[in-house]
Amino acid sequence: MSYSIDPALGRVITQQFPAAKSAGSFFPLSGLTGQTGKVVIGEKVLLARHQHPVNVIPGVDRRREYHILRKLSGSGLGPAVYGFADRWLLLGWQPGEVLSPQQFLQQLDALVPLIARLHSQSLSGYRLSLLRLLEQYWLLSHPARRHCGWLRALRRLQQQGEPKPLRLALLHMDIHAGNVISSQQLSGRETACKGDETLTDNDTITGSQTLRLIDWEYASDGDVALELAAIVAGNGLHGQQQAQLTAAYAAAQRLDPAVLARQMQRWQPWLKLLMASWYELRWQQTQEETFFTLAAQAWQRLLSE
């Protein structure tokens with residue numbers, strides 16, 4: 001179902017594309033934050049991301065996302081960036097097929113060069129504080145939903161303090177099957193268009209396919225081991241798959257795989273509490289049964305340890 005374009009978003013579009021007709025369609029995209037939509041104006045296809053003024057999600061800041069993606073312009077890693085105003089971020093559309101969970105696991109080796117290339121970019125200047133995020137989730141939650149197990153887990157991490165980074169880099173922090181797209185590579189000297197961009201040597205190509213990351217709303221500077229640990233936790237990688245990912249990344253980045261694996265393990269308690277807190281807050285904001293179920297499962301895993 002399509003909707004008319006929000007007037008504030010319409011002003012951003014008009015500023016960037018004065019010749020574009022004002023009439024257009026907005027197609028909400030299915031996603032966990034529910035703040036993104038596809039915009040179609042004539043033959044122009046764009047991606048619009050909104051900063052909700054009420055349902056705040058810790059770690060999501062469209063202005064930061066805008067500046068980071070602008071820094072990545074020319075790297076081939078991110079979408080075209082058109083503007084940010086009135087809580088709307090306007091980006092180029094990136095066509096392609098979203099990987100299924102099974103395809104994601106099959107492409108682990110192919111994803112490593114893409115992740116390593118991202119981690120080789122200049123720092124953004126936006127440092128991630130996982131402790132601050134966890135504290136924000138606690139404060140934003142309804143008092144009736146706060147429980148002793150949550151508080152104990154948070155206090156334990158406050159006392160420990162965040163692990164010292166193994167290596168600082170620009171992180172995506174939301175790499176899972178739904179945020180990796182695959183598009184066909186054209187043969188010869190042809191190029192494939194991605195919104196208003198073309199493929200570059202920086203794209204990760206697997207056979208006849210190109211893999212790219214989408215949804216950069218949590219991107220910031222942090223420990224590379226945290227990124228890998230998040231991939232393990234968020235995609236349910238088992239022991240062999242985790243070892244495969246760790247070894248491939250360590251080889252690509254000239255790190256000791258044993259040291260990297262230990263650092264990834266240090267981040268796991270932080271990620272378990274982050275996932276439980278995220279699902280909990282999203283259920284409170286949306287009252288969607290899916291989030292309630294995921295929150296209950298996450299709390300059970302966390303509190304059973």
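Residues numbered from 1 in each chain as written. Predicted model: local features only at pLDDT ≥ 70, side-chain atom pairs only at ≥ 80, totals over all residues. Heavy atoms only, no water.

**Q** Honestly, the overall build of the protein in this entry has me stumped. Any pointers?
**A** Helix and strand counts for the protein come out as 10 helices and 13 strands. For the protein, the proportion of its 305 residues judged to be buried stands at 49%. Here the contacts in the protein between residues at least 6 apart in sequence split such that 73% fall between residues at least 24 apart. Taken as a whole, the protein presents about 15200 Å² of accessible surface, with 51% of it coming from carbon and sulfur. (Helix = DSSP H or I, 4+ residues; strand = E, 2+ residues; numbered from the N terminus. Buried < 20%, exposed > 50% of the residue type's maximum accessible area, 1.4 Å probe, protein only. Contact = heavy atoms within 4.5 Å. Areas by Shrake-Rupley, 256 points an atom, 1.4 Å probe, with all protein chains shown as cover.)

**Q** Hey, could you run me through helix α6 (residues 148–160) in this one?
**A** Each full turn of the α-helix corresponds to 3.6 residues, which orients residues three or four apart in the same direction. Counted at 1.5 Å a residue, the expected span for α6 with its 13 residues is 18 Å, and the 18 Å between its end C-alpha atoms agrees. Taken as a whole, α6 has its buried residues at Gly149, Trp150, Ala153, Leu154 and Leu157. Within α6, the buried residues cover an arc of 130 degrees as seen down the axis, which keeps them to one side. Exposed side of α6, more than 90 degrees from the buried face: Cys148, Arg152 and Gln159 are the residues found there. Of the surrounding elements, those touching the buried residues of α6 are α5 (130–140), α9 (257–286) and α10 (289–303). Directly beyond the C-terminal end of α6, a positive phi value near 80 degrees is found at glycine 161. (Expected span 1.5 Å × (residues − 1). Arc of directions from axis to C-beta.)

**Q** So what exactly am I meant to see when it comes to the confidence of the model for the protein here?
**A** Residues shown with low pLDDT carry predicted positions that ought not to be read at fine detail. The predicted model of the protein averages 88 in pLDDT, with 88% of residues at 70 or higher. Below a pLDDT of 50 lies the segment residues 186–202, which in the model reaches 28 contacts outside its immediate sequence neighbourhood of four places, other chains included. (pLDDT = per-residue confidence, 0-100.)

**Q** Honestly, the sheet that holds strand β3 (residues 44–50) in this entry has me stumped. Any pointers?
**A** Sheet strands pair by backbone hydrogen bonding; their relative direction is either parallel or antiparallel. If you trace the five strands from one edge of the open sheet to the other, you get β1-β2-β3-β5-β4, paired in antiparallel fashion. The open sheet is flanked by β1 (25–28) and β4 (81–85), the only strands paired with a single partner. Mean inter-strand twist for the sheet, computed between neighbouring axes without regard to direction, equals 25 degrees. Strands β1, β2 (36–41), β3, β4 and β5 (88–92) of the sheet are contacted by helix α1 (residues 7–16), whose axis makes an angle of about 45 degrees with β5. Along the sheet, helix α2 (residues 62–71) contacts β2, β3, β4 and β5; its crossing angle with β4, the most-contacted strand, is approximately 155 degrees. (Pairing = 2+ DSSP bridges. Axes fitted to C-alpha atoms, helices over the stretch in contact; angles between N-to-C directions.)

**Q** What's the story with the environment of serine 220 in this structure? I'm lost.
**A** Following the sequence through the fold, serine 220 ends up in strand β13 (residues 220–223). C-alpha of serine 220 to C-alpha of methionine 173: the two residues are 47 residues apart in sequence and 7.7 Å apart in space. Beyond its immediate chain neighbours, meaning those up to four positions away, serine 220 contacts Arg64, Ile68, Ser124, Tyr126, Leu128, Ala169, Leu170 and Leu171.

**Q** Where do I start with the packing of aromatic side chains in this structure?
**A** Any pair of aromatic rings gets described here by the distance separating the centres and the angle formed by the planes. By the definition in use, this model includes eight aromatic pairs. For the ring pair tryptophan 150 and tryptophan 299, a centre distance of 4.9 Å and an interplane angle of 45 degrees mean the geometry is tilted. Remark: tryptophan 299 occurs in helix α10 and tryptophan 150 occurs in helix α6; sequence separation between them is 149 residues. (Phe/Tyr/Trp six-rings, centres within 6.5 Å; stacked < 30°, edge-to-face > 60°.)

**Q** Help me out: how do you make sense of the packing of α9 against α10 in this one?
**A** For any two helices packed against each other, the geometry comes down to the angle between their axes and how far apart the axes lie. Look at α9 against α10: their axes get within 8 Å of each other, and the N-to-C directions meet at 150 degrees. When the axes of α9 and α10 are compared, the pair comes out roughly antiparallel. For the crossing formed where α9 meets α10, the hand is left-handed. Every residue of α10 that contacts α9 at Lys272, Leu273, Ala276, Ser277, Trp278, Tyr279, Glu280, Arg282, Trp283 and Thr286 is listed here: Phe291, Phe292, Leu294, Ala295, Ala298, Trp299 and Leu302. Residue composition of the contact of α9 with α10, grouped by class: 12 nonpolar, two polar and three charged. (Parallel < 35°, antiparallel > 145°, perpendicular 65-115°, else oblique. Left-handed = near helix turned anticlockwise from the far one by under 90°. Nonpolar A, V, L, I, M, F, W, Y, C, P; charged D, E, K, R; others polar.)

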